[in-house]
Amino acid sequence: MKRPSSIRFSTILLSIFTLLLTGNVLAQSTVVSGTVRDASTKETLPYVSVFFKDTKIGTQTDINGKYTISSSGPQTALSFNYVGYQTITKNVLPSGTQTLDISLAPSANSLDEVVVVGGKKVRYRNKDNPAVELIRQVIAHKDANRIKSYQTVAYQQYEKMLFSVSNVSEKFKSKKMFRNYQFLFQEQDSTLIGGKNLLPVYIQESLSDNYLSKDPLKSKSVVVAQKQVEFDAKYIDNKGMKAYFDRMYQDIDIYQNNISVISNDFLSPIADGAPTFYKFFITDTLKNQKPQVIELSFTPRNAGDMLFEGKLYVTNDGQYAVTGATFGVNKAINLNFVRALKIDLNFEPNAVGKYNLSKSKLLADFGIGKTKGIGFTGERTVTFKKYQFDAKLPDTIFQGKSKVVLADANKRNDLYWKQNRLDTISANQLKIYGNIDTLQNLPSFKRTMKIVTLLFAGYQNYGPYEIGPVNTFYSFNNVEGFRLRLGGRTTPELSKRFYFENYAAYGFKDEKWKFFLSGTYSINNKSIYEFPQNYIRASFQRDTKIPGQELQFVQEDNFLLSFKRGVNDMLLYNDFYKVDYIKEYENHFSYALGLKKWSQTPAGGLSYQNDAGQLVNRLTTSEVSLALRYAPNEKFYQGKIYRAPIIDRYPVFNLRYTAGLKGVLGGEYNYHNIMGSIDKRFYLSQLGYSDVTFEGGYVAGKVPFPLLDIHRANQTYAYQLTSYNLMNFLEFVSDHYVSISIDHNFNGFFFNKIPLIKKLKLREVFTFKALYGGLRDENNPAVTPGLYRLPDYEDGSKRTYSLGKDPYIEGSVGVGNIFKLLRVDLVKRFNYLNHPSVSEWGIRARVKFDF
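Residues numbered from 1 in each chain as written. Predicted model: local features only at pLDDT ≥ 70, side-chain atom pairs only at ≥ 80, totals over all residues. Heavy atoms only, no water.

As for the sheet that holds strand 6 (residues 88–91)
Within the open sheet, the 4 strands sit side by side as 3-2-5-6. Their pairing is antiparallel. Two strands bound the open sheet, and with one partner strand each, they are strand 3 (58–60) and strand 6. Going across the sheet, the axis of each strand differs from the next one's by a mean of 20°, ignoring polarity. As defined by bridge partners, strand 2 (residues 49–52) adjoins strand 5 (residues 77–81) across 4 bridges and the pair is classed as antiparallel. Of the residues in strand 5, the one forming a bridge with F52 is L78. (Pairing = 2+ DSSP bridges. Helix = DSSP H or I, 4+ residues; strand = E, 2+ residues; numbered from the N terminus. Axes fitted to C-alpha atoms, helices over the stretch in contact; angles between N-to-C directions.)

Written as structure tokens, this is what we have:
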């Protein structure tokens, strides 16, 4: 099943806790903002530390000296601290929103080496800038300082990931609806995220042995222990949730050109092109350690770009190694729902005088509002110890998969974890495992989860059977008119081996019943929705579909897809008899074998006519097929009715072969159909990313037009990534074709530089689609007798064409991230404009949740 493009796991997870924690959370909050300046020069001071007195709630000023700090409870004083300046404390009102501008006086014993550059009066230049010269030396020495410079490396790694609902006020915590949940709340302890109470909801830990080899380049990770909070599988896929979090919170390698955080690529401050996009300032020299370390502050040249800001610590010994880093993002950045982001990297010297990463910490706080209201905080800490460099590693270590999980990794007891954790863990964090188990047994929580599942997954669970999906209960079209449908599927509570799906539908205009029934046997005794799949399925389906559109369990019945433009009266009545076998492997290679009998009858404005002009009521084919798919390093979230891939930089390869069998089960034609495609996302650093698809197909044999490649058209008002959005249904058919589709997202690269527009955090989108194909003479009814005529409109004008010498081309420019959810495209069709009932321009919209 294909997933609805607008549904992402992150929206589901956020909605779960939004429903759970609905209410007023503002309480008596304290919000203070202002600007910090040098008392003598009046220049603004960047990176001044600002804290509520006697708390750990703090922030820093940005490059323009501005700050905003908030607390969900009353506060009385603010402390301002900056190296080379006197620390001061100022009183503030205990609640409400207020402005406090500060002037700091230089300290009498300030360091001569401190150079503070701020304000707009000093023009920044790369030329003759010692900070830029320093960062260029760091860039030049990257290869010598990174861990991959050794011939072999072995080390242990401990990872802890914690997620909590944050910024929960005391007033909200005390509400009657949460009287059964008090055991969940914890006191918040963070120097970055304001608020008082946390509600931890998830924790996972893992311990692994890791090995690297430089020549030949190989890597291996052996997970020796792992554990995580386990939610009820009826509502949440635990493996899929872990995969999603791993994608959002990837390893942070400062030496890479691009760093992936929250599903976005950010340019590293020591990337090869960093001086072009960042400003650098030498802000301190630490002489009390050997070698001396220089503190290097950096900030984006444009505050709204997808870049970091923070500090690097670099050795002043000719090696220019990074010994530490602390950085985050500017609040003006075009990043959805992220209130705050902070990354800390610690490096330790080894026996040969180089520095290796000892700990990394990534903390992000999400929320609908910028500062107020409930948020969602995620924290990933990774500890590295027991490094061994250039040791002899046996070749057997690298055999097999690059990552393996030991069979007993999930069975380690508490004593094992206590003795082998490479980092400390608090007692409150350990309580999360038991707290969530207790939470899931509360009747009120179960009721909440059922409601959320119905709203977002579309199914109502009744134990062994689920009814849904709800978005298909009602739809309409020109042939069936008003259409009602009801169906569902069995769950593992009925059987872990056998699964059944069914629905019945009725059209009030054509007065016909449609229905679907399938039975599936799981060969590996796992859920058929769990990776890796291995099952056999038999099904029968009698239903309608638009020519050229795949008949699926949910898509054409979706109510929102009922609204279409232009003439859309073509429909097929279909009888499908299918047997499929699916086999997936751990390396994400899979194959599918299929046997299908398909009988199709045209309806509405569509008719099949032979070359003598006689109507053909029914066309029957019998097919065998083999589909191959390879998606290296693919991760996905498995939902109720779809598998949602977590898109990454790795390609996806598809190859499908179908053979038509004349005389078998009533099949009328012999033919061969081959289709192949490659999908890949290309990350282009500051210029965003491109999703590119190459596709091609070839039909061998003499067949009527319904058995040719009918190119995917879209007559709805929704923008569809895989369809041609200004092409009419059944407008083009081919027996050979190649196509390319490019969907490029600039992530606000241009809009962020326009003063008034950048506040809206809009994002630019550009698409280009080209299709080249045609018909050989043997499949062209204008040349070869014995074929069906290509369809015409009722007025006799031509409706279906083959592509000529020119490819079909369409493109669009669009604006995304409207209200953080909506994308609107202005689409242009560049050729074949003389066809009837086509439009040169169109506006299409698409709902898309993205960070």
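With respect to unusual backbone geometry
A cis amide bond, omega 0°, links D215 with the succeeding residue P216. Take P216: it is sitting in the loop between strand 11 (197–213) and strand 12 (218–228). Geometrically, the link from G468 to P469 is a cis peptide bond, its omega value of -5° lying close to zero. Within the secondary structure, P469 is located in the loop between strand 24 (465–467) and strand 25 (474–477). The backbone phi angle of N633 is positive, close to 60°, even though this residue is not glycine. Relative to the helices and strands, N633 resides in the loop between strand 34 (619–630) and strand 35 (636–638). Here N633 falls in the partly exposed class, since its relative accessible area comes to 43%. Backbone geometry at L665 places phi at a positive 55°, although glycine is not the residue there. Position of L665 among the secondary structure elements: in the loop between strand 37 (652–660) and strand 38 (671–683). (Buried < 20%, exposed > 50% of the residue type's maximum accessible area, 1.4 Å probe, protein only.)

Notes on the environment of R629
With respect to the helices and strands, R629 occurs in strand 34. According to the relative accessible area criterion, R629 is partly exposed, its value standing at 27%. Expressed as a C-alpha distance, the spacing of R629 and F653, which sit 24 residues apart in the sequence, is 5.6 Å. Apart from residues lying up to four places away in sequence, R629 is in contact with H588, F589, S590, E634, V652, F653 and N654. A polar atom in the side chain of R629 sits 2.9 Å from the side chain of E634. (Contact = heavy atoms within 4.5 Å. Polar contact = N/O pair within 3.5 Å; in protein donor to acceptor, adjacent residues only side chain to side chain.)

Overview of the environment of L198
Here L198 is to be found in strand 11. Between the C-alpha atoms of L198 and F163, which are 35 residues apart in sequence, the distance is 9.6 Å.

What about the pattern of salt bridges?
Across all of its chains, the model carries 34 salt bridges by this definition. For the salt bridge of D408 with R412, the shortest nitrogen-to-oxygen distance reads 3.5 Å. Owing to a relative accessible area of 34%, D408 belongs among the partly exposed residues under this scheme. A relative accessible area of 24% means that R412 is categorised as partly exposed. One salt-bridge network, in which partners are shared between bridges, spans E480, R483, D510, K514 and D543. (Salt bridge = Lys/Arg side-chain N within 4 Å of Asp/Glu carboxyl O.)

Things to note about the sheet that holds strand 40 (residues 709–710)
Reading across the sheet, the 3 strands line up as 40-41-44 and stay open at both edges, with mixed pairing between neighbours. Looking along the sheet, the strands with just one partner apiece sit at the ends: strand 40 and strand 44 (801–802). The pairing of strand 41 (residues 732–734) with strand 44 spans 2 bridges and is parallel. From the neighbouring strand, V733 faces strand 44, where its bridge partner is S802.

Concerning the nonpolar core
Formed by 90 residues in total, the largest nonpolar core has its most connected members in V261, F308 and L312. With 7 residues, strand 9 (residues 152–168) is the single largest residue contributor to this core. (Core = buried A, V, L, I, M, F, W, Y, C linked by side-chain atoms within 4.5 Å.)

So, the confidence of the model for the protein
Looking at the protein as a whole, the pLDDT averages 84, with 87% of positions reaching at least 70. Overall, residues 1–27 carries pLDDT values under 50, and its contacts beyond four positions in sequence, including any with other chains, amount to 71 contacts. For residues 109–121, every residue scores under 50 in pLDDT, and the model assigns this stretch 21 contacts once sequence neighbours within four places are set aside. (pLDDT = per-residue confidence, 0-100.)

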